[in-house]
Every structure is written in structure tokens, then in C-alpha cells.
Amino acid sequence: MFPLKVLILSALFFASATSSSEPYVNKELLDAIAEKHKVFAKKRFFFLQETLDSVKEKSDLEKLEAVNNFFNEVRYGSDMKVYGQKDYWATPWEFLGNDMGDCEDYVISKYFALKYLNVDYKKLFFTYVRSTQFKEPHMVLTYFETPKSEPLILDNNNRKIFPASQRTDLTPIYNFNGDVLDEVGKNNEKSHKKWDELKLNMQRKKI
């Protein structure tokens with residue numbers, strides 16, 4: 001029964017791959033993920049593709065909600081616990097493959113999934129905040145419908161998306177979008193060390 005279920009999921013995944021756009025994770029990468037993280041990790045990527053396909057033609061808000069809900073099901077784990085490092089920015093494939101990560105990893109995975117869904121990346125920001133509840137630095141993903149709009153907060157600590165004014169437990173520090181900085185460019189200087197490392201790991205398809 002179990003192999004049949006996996007076969008059905010595979011058929012659904014590759015059916016979506018032949019539709020209007022490429023799958024979020026191609027077959028080669030999916031096979032590598034399965035080899036490293038085993039079959040349950042592969043299934044998580046099937047369900048991610050299913051989630052993304054279900055909102056492909058929906059509004060930005062519906063895409064935000066679907067992506068936020070999906071990744072907030074991943075377990076929280078510190079970088080030290082998962083990677084043996086104090087501060088590590090995981091690729092979306094590492095995060096979902098391990099089924100565990102910290103606040104930056106939720107933000108990164110949500111950001112790239114929303115880019116895949118054609119949400120304008122210039123509306124999305126990695127936002128450093130301080131959590132008054134947990135008394136520590138934190139990162140959330142923010143969405144600005146327009147540059148002057150009040151941002152919406154996508155947070156792994158609070159599963160519902162709220163406007164920033166309703167998140168009185170968060171004190172903003174600054175916003176960051178590596179793709180925007182890369183596009184603007186400043187004499188080819190590095191925009192952000194962690195972002196540059198992440199880009200390299202994305203190019204290498206690190207799992």
C-alpha cells in the first residue's frame with residue numbers, strides 16, 4: 001500500500017511538472033533530497049508542490065496565507081541543533097528536507113516559494129525585529145502591497161498574518177531584501193554576507 005501511495009504522489013508531482021510552469025523542485029533535485037533525507041522528506045516536497053499549485057492563480061493574500069500556513073508546520077530548531085553553527089541561513093531544500101529550522105529559515109523558504117508564485121519580490125522583505133514576548137532578536141517576512149502600505153507580517157511564532165500595527169509584540173529594527181540590493185548594485189560590493197552565502201548555496205542546490 002505504501003509504495004502505491006508514493007507512486008500516486010509521484011504521478012501527481014510530474015503531472016504538475018508538465019503543466020504551465022516548471023515544478024518548484026525538479027526531478028533531479030527531488031531524487032537527491034530523497035536520497036539524503038529519505039522518503040518522508042520527498043513527500044513533504046510533493047505536498048509543497050500541491051499547495052503551490054492550488055494557489056497559483058489566486059490573489060497575493062491567498063498565496064501569502066497558503067505559503068505561511070504550509071511552512072509554519074515545520075518544526076522549530078536552533079541552528080546549533082540542526083547545523084552545529086550559531087547562525088546559518090538554510091536553503092529551502094535544507095529546511096524542508098530536515099523538517100526543522102529557525103526563524104530565518106522560515107523567512108527564506110516563504111520568500112522563495114512566493115517568488116515562485118510570481119509575487120513581486122520587491123514587495124517582500126526579510127525584517128529584523130525584537131520580540132518583546134521572547135526578549136530576543138527575531139526575523140519575520142513582511143509584505144508591502146505598495147511602498148507606502150502598512151506591511152503584513154508572516155511569522156513562525158504567530159501563525160496568523162496580521163498588519164504590523166497589530167503586532168505590538170514586535171519592535172522593528174530594519175528591512176532587508178537581497179534581490180533588490182543585488183539589482184541596484186553598489187560597485188559590486190557584497191550586499192549582505194549571509195545573503196551572499198545563501199545565494200551560493202542556492203546555486204549549488206545545497207540540500
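As the structure is a computational prediction, the values presented were derived from the model and not from experiment.

Draft legend 1. Here's a closer look at the confidence of the model for the protein. Residue-level pLDDT values for the protein average 88, and 87% of them are 70 or greater. Every residue in residues 1-20 is under pLDDT 50, and counting partners more than four places away or in other chains gives 21 contacts.

Draft legend 2. Fine view of the pairing of strand 3 (residues 124-131). Of all 8 residues in strand 3, 6 are buried; the element is thus mostly enclosed. Pairing of strand 3 with strand 4 (residues 136-143), which is carried by 8 bridges, proceeds in the antiparallel orientation. From the neighbouring strand, Ser-131 faces strand 4, where its bridge partner is Glu-136. Hairpin connection of strand 3 to strand 4: 4 residues between the antiparallel strands, including Lys-135 at a positive phi of 60 degrees. Two elements, strand 3 and strand 7 (residues 170-176), share 6 bridges in a ladder whose sense is antiparallel. Among the inter-strand pairings, Val-129 is bridged to a residue of strand 7, identified as Pro-172.

Draft legend 3. Seen up close, the sheet that holds strand 4. Taken together, the 5 strands give an open sheet; going across it, the order is 6-5-4-3-7, and neighbouring strands pair in antiparallel fashion. Either end of the sheet is taken by a strand with one partner, and the two such strands are strand 6 (162-163) and strand 7. Across the sheet, helix 4 (residues 60-71) lies against strand 3, strand 4 and strand 5 (152-154), angled at about 25 degrees from strand 5, the strand it touches most. Helix 7 (residues 103-116) rests against strand 3, strand 4 and strand 5 of the sheet, and its axis sits at about 10 degrees to strand 4.

Cut-offs applied
- Residues numbered from 1 in each chain as written.
- Predicted model: local features only at pLDDT ≥ 70, side-chain atom pairs only at ≥ 80, totals over all residues.
- Heavy atoms only, no water.
- pLDDT = per-residue confidence, 0-100.
- Contact = heavy atoms within 4.5 Å.
- Buried < 20%, exposed > 50% of the residue type's maximum accessible area, 1.4 Å probe, protein only.
- Helix = DSSP H or I, 4+ residues; strand = E, 2+ residues; numbered from the N terminus.
- Pairing = 2+ DSSP bridges.
- Axes fitted to C-alpha atoms, helices over the stretch in contact; angles between N-to-C directions.

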